[in-house]
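These are the residues of each chain, in order.
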Amino acid sequence: MNSIRVISILLTGFLYLVFQVLVLKNLVLFGSAFCFLYVTYIILLPIDLKTIPTLLISFFIGMGVDLFYDTLGIHTAALLIIGFVRHRWLLVLVPPGGYDDDLQPSLLNMGFGWFLSYSIPLVLIHHTLFFYIESLGTDLFFTSLQKIIASVIFVTVMSIIVQLLFYRRRRGI
Amino acid sequence: MFVLLEAVAISLIVSNNSQQGSAFFNSSNELSGSVFQTQSNVVDYFSLSSVNKSLVEKNAQLLTELEALRKPADSVFIPLDSAMLATMQFKGAKVINNSLRLAQNHLTINKGSNHGVKSGMGVINEQGVVGRVKSVSRNFSTIISLLHTDLLVSSKIKSNDVFGSTKWDGINPEQAKLMYVPRHVVVALGDQVVTSGYNSIFPEGISIGTVIEVKPGTDTNYLDITLKLDTDFSRISYVYLVESFQQPELDSLYQSTGISNE
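Residues numbered from 1 in each chain as written. Chains lettered and ligands numbered in written order. Predicted model: local features only at pLDDT ≥ 70, side-chain atom pairs only at ≥ 80, totals over all residues. Heavy atoms only, no water.

Chemist: When you look at the overall build of chain A in this model, what are you seeing that I'm missing?
Modeler: Scanning chain A from terminus to terminus reveals seven helices and two strands. Taking 173 residues into account, the globule formula puts the C-alpha radius of gyration at 16 Å, and chain A, at 16 Å, falls close to it. Judged by the C-alpha coordinates and their principal axes, chain A covers about 50 × 30 × 30 Å. Counting across all 173 residues of chain A, residues that qualify as buried make up 53%. In chain A, the share of contacts with a sequence separation of at least 24, taken over all contacts with a separation of at least 6, comes to 72%. Split by element, the accessible area of chain A, about 8000 Å² in all, is 72% carbon and sulfur. Averaged over its 10 positive side-chain charges, chain A has a centre that lies 9 Å from the centre of its 8 negative ones. (Helix = DSSP H or I, 4+ residues; strand = E, 2+ residues; numbered from the N terminus. Rg over C-alpha atoms; globule rule 2.2 N^0.38 Å. Buried < 20%, exposed > 50% of the residue type's maximum accessible area, 1.4 Å probe, protein only. Contact = heavy atoms within 4.5 Å. Areas by Shrake-Rupley, 256 points an atom, 1.4 Å probe, with all protein chains shown as cover. Lys, Arg positive; Asp, Glu negative; His and termini not counted. Charge placed at Lys NZ, Arg CZ, Asp CG, Glu CD.)

Chemist: Could you clarify how one ought to interpret the environment of A:Leu122 in this entry?
Modeler: Residue and element names in this part refer to chain A. With respect to the helices and strands, Leu122 occurs in helix H6 (residues 112–134). Residues Leu122 and Ser32, 90 residues apart in the sequence, show an inter-C-alpha distance of 19 Å. Dropping the residues within four chain positions of it, Leu122 is found in contact with Ile43, Ile82, Val85, Arg86 and Trp89.

Chemist: Would you explain the pairing of strand E1 (residues 88–98) of chain B in this entry?
Modeler: Across a regular strand the side chains alternate sides, sitting on one face of the sheet and then on the other. All names here are of chain B. When E1 meets strand E12 (residues 238–244), the two strands line up antiparallel, connected through seven bridges. Bridged to Lys91 within E12 is Leu241. The sheet contact formed by E1 and strand E2 (residues 104–109) spans three bridges and is antiparallel. Residue Asn98 lies in a different strand from E2, and its bridge partner there is Leu107. Here E1 folds back onto E2 in antiparallel fashion, the turn holding five residues. (Pairing = 2+ DSSP bridges.)

Chemist: Would you mind showing me how to read the sheet that holds strand E10 (residues 207–216) of chain B here?
Modeler: Here we have six strands rolled up into a closed barrel, ordered E6-E7-E8-E11-E10-E9 (chain B), and antiparallel in their pairing. Averaged over neighbouring strand pairs, the angle between their axes works out to 40° when direction is ignored. (Axes fitted to C-alpha atoms, helices over the stretch in contact; angles between N-to-C directions.)

Chemist: Would you explain the sheet that holds E2(B) in this entry?
Modeler: As a general point, the strands of a sheet are linked pairwise by backbone hydrogen bonds and lie either parallel or antiparallel. Residue and element names in this part refer to chain B. Strand order in this closed barrel of six strands is E1-E2-E5-E4-E3-E12, and the pairing throughout is antiparallel. In this sheet, neighbouring strand axes are inclined to one another by 45° on average, regardless of whether the strands run parallel or antiparallel. Note: E2 against strand E5 (residues 141–148), five bridges, orientation antiparallel. Residue pairing in the sheet places His106 in a bridge with Ile144 of E5.

Chemist: Looking at this structure, I do not really get the confidence of the model for chain B. What am I missing?
Modeler: Atomic detail in the predicted coordinates should be set aside for any region of low pLDDT. On average, chain B scores 80 in pLDDT, and the residues at 70 or more come to 85%. Predicted complex metrics record ipTM = 0.72 and pTM = 0.76. (pLDDT = per-residue confidence, 0-100.)

Chemist: Looking at this structure, how should I read the pattern of salt bridges?
Modeler: Pairs can form between side chains of opposite charge whenever their charged atoms are close. Residue and element names in this part refer to chain B. Applying the stated criterion to the full structure yields seven salt bridges over all chains. With a closest N to O distance of 3.5 Å, Asp224 and Lys177 form a salt bridge. Placement of the pair is Asp224 in strand E11 (residues 223–229) and Lys177 in strand E8 (residues 175–179), with a sequence separation of 47 residues. Each of Lys91, Lys118 and Glu243 takes part in salt bridges that share partners, so that together they form one network. (Salt bridge = Lys/Arg side-chain N within 4 Å of Asp/Glu carboxyl O.)

Chemist: Whenever I open this one, unusual backbone geometry confuses me. Can you help?
Modeler: Glycine aside, residues mostly have negative phi, and peptide bonds are mostly found in the trans state. Residues and elements named next belong to chain B. In this structure, Asp161 is a non-glycine residue whose phi angle is positive, near 60°. Positionally, Asp161 belongs in the loop between strand E6 (152–157) and strand E7 (163–167). A positive phi angle, near 65°, is found at Tyr180, a position not held by glycine. As for its position among the elements, Tyr180 is in the loop between E8 and strand E9 (192–195). Judged by its relative accessible area of 44%, Tyr180 is partly exposed.

Chemist: Sorry if this is basic, but what is going on with the packing of aromatic side chains here?
Modeler: Think of a pair of aromatic rings as described by two things: how far the centres are apart, and how the planes are tilted against each other in angle. Residues and elements named next belong to chain A. Applying the stated criterion across every chain, the model contains 15 aromatic pairs over all chains. Ring geometry for Phe36 versus Phe130: centroids 5.0 Å apart, planes at 70°, classification edge-to-face. Linking Phe36 in the loop between strand E2 (33–34) and helix H2 (38–43) with Phe130 in helix H6, this pair joins segments that are 94 residues apart in sequence. Over the aromatic face of Phe84 sits the side chain of Arg88, whose NZ or CZ is 4.9 Å from the ring centroid. (Phe/Tyr/Trp six-rings, centres within 6.5 Å; stacked < 30°, edge-to-face > 60°. Lys NZ or Arg CZ within 6 Å of the ring centre and 35° of its normal.)

Chemist: How should the interface of chain B and chain A be read in this particular structure?
Modeler: A common way to report how large an interface is uses the accessible area buried once the components associate. Counting residues at the interface gives 33 residues for chain B, matched by 33 residues for chain A. Roughly 2900 Å² of surface becomes buried between chain B and chain A when both sides are summed, with 70% attributable to carbon and sulfur atoms. By the criterion of area lost to chain A, the three top residues of chain B are B:Phe2, B:Arg101 and B:Leu102, representing 23% of everything that side buries. In this assembly, chain B and chain A are joined by zero salt bridges. Across the contact surface, chain B and chain A share one residue pair in polar contact (both at pLDDT 80 or more). (Buried area = accessible area lost by both parts, 1.4 Å probe. Polar contact = N/O pair within 3.5 Å; in protein donor to acceptor, adjacent residues only side chain to side chain.)

Chemist: Where do I start with helix H4 (residues 74–92) of chain A in this structure?
Modeler: Side chains that are three or four residues apart share a direction in an α-helix, a result of its 3.6 residues per turn. Residue and element names in this part refer to chain A. In a regular helix each residue adds 1.5 Å, so 19 residues correspond to 27 Å; H4 covers 27 Å between its end C-alpha atoms and thus fits that length. Along H4, the sharpest kink reaches roughly 35°, centred on Arg86. Three or more residues of H4 are buried, namely Ile74, His75, Thr76, Ala77, Ala78, Leu79, Leu80, Ile82, Gly83, Arg86 and Leu90. (Expected span 1.5 Å × (residues − 1). Bend = angle between axes of the 7 residues up to and from the residue.)

Chemist: For this particular structure, what's the right way to read a nonpolar patch on the surface?
Modeler: Side chains of A:Phe141, A:Phe142, A:Leu145, A:Ile149, A:Ile153, A:Val157, A:Ile161, A:Leu165 and A:Phe166 sit close together on the surface and give an oily, nonpolar patch of about 950 Å² of accessible area. Relative to the helices and strands, A:Ile153 resides in helix H7 (residues 141–166). (Patch = residues over 30% accessible without salt bridge, like charges linked within 9 Å, V, L, I, M, F, W, Y side chains within 5 Å.)

Chemist: Looking at this structure, how should I read the environment of A:Leu37?
Modeler: Residue and element names in this part refer to chain A. Structurally, Leu37 can be placed in the loop between E2 and H2. C-alpha separation for the pair Leu37 and Ile9, spaced 28 residues apart in sequence, amounts to 16 Å. Apart from the residues within four sequence positions on either side, Leu37 is in contact with Tyr16, Phe19, Gln20, Leu24, Val155, Met158, Ser159 and Val162.

Next comes the structure, spelled out in structure tokens:
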């Protein structure tokens with residue numbers, strides 16, 4: 001992994017963070033569909049990235065988002081779980097023939113069905129944790145459930161749109 | 001590694017749960033404050049007309065009150081006890097960040113300890129109660145919104161002076177619950193609910209909401225009352241901070257007598 005790739009990964013993370021706190025923070029559809037698009041960033045990190053760098057990236061992105069959402073630690077805790085589980089989940093979903101090195105597990109590289117079965121469980125874990133930690137100590141079970149489902153759908157649709165618009169397919173597979 | 005970082009995150013959640021959190025890791029710190037300030041400088045232009053309108057309305061209301069307070073032409077004027085006067089002072093501030101869809105919502109304003117903001121001060125706007133100051137940095141402060149499931153506001157029903165606590169139930173940002181009103185009280189739909197002024201965080205009589213639903217609660221002793229909030233949290237742009245000169249004294253009195261006060 002050369003330095004240009006490292007810089008481009010960090011820069012992408014920064015862009016996601018800025019976009020999240022300045023634009024998407026104010027975007028809540030129907031009062032329940034939140035757009036935590038930064039989860040997509042962790043999901044789309046290169047496949048060969050080890051767990052520890054992933055965890056560190058998740059930690060800083062999570063803290064950055066928490067800072068602006070006034071939800072100290074909640075985004076971080078939920079995002080760290082994703083960073084932790086991601087590598088194992090990728091091993092479970094190995095396609096026949098294995099992964100290419102330094103490939104992004106994106107929609108364009110891996111196909112629509114594979115991407116959905118890869119990303120939706122991760123997003124679901126993140127959102128479940130986030131909304132239940134956030135409403136801890138209240139009896140808001142069904143309100144939170146509604147928010148989780150609406151947000152998972154919204155984030156998945158947004159992430160598909162973002163990938164179609166801004167990501168490139170890798171040649172020569 | 002995972003366990004370590006996760007432990008850090010969880011300890012942050014726990015330590016931040018108290019209402020007087022540390023001022024560093026939230027939106028009142030200088031970095032996020034200045035980002036929000038810049039953002040609000042741009043976005044503000046879109047809400048100027050509605051802000052103007054509400055200011056004019058508040059002005060008109062204040063002018064009417066001023067007219068009523070004007071001294072009569074009579075030469076005999078007996079002032080009230082001076083201890084009753086000037087127990088509260090107000091400061092204006094601009095909201096630069098707001099949320100209303102989470103279960104625990106916060107606002108950020110552009111005034112901080114440099115401008116005399118202290119944590120625990122009450123926050124109102126021209127419509128009604130907004131929240132309480134949580135933590136303060138030099139130029140910004142974070143406010144616990146009334147739309148926060150942990151915030152209780154001491155309130156009373158205007159028509160019959162019955163006390164209760166207003167608390168948001170986390171579901172609809174336009175409605176809240178009035179709790180601890182005993183069953184024998186007759187509450188009519190459309191009754192005004194205002195602050196009680198008992199704990200001197202808010203002045204007495206700041207409006208909170210209107211009763212829209214009364215049910216016998218699941219708890220046997222209290223009614224289940226739903227309020228429609230007077231404050232429209234989706235378009236808050238300017239707020240007033242309430243500084244009470246009596247509050248330190250009251251707090252220490254309550255503390256020494258062992259009364260917990262909310």
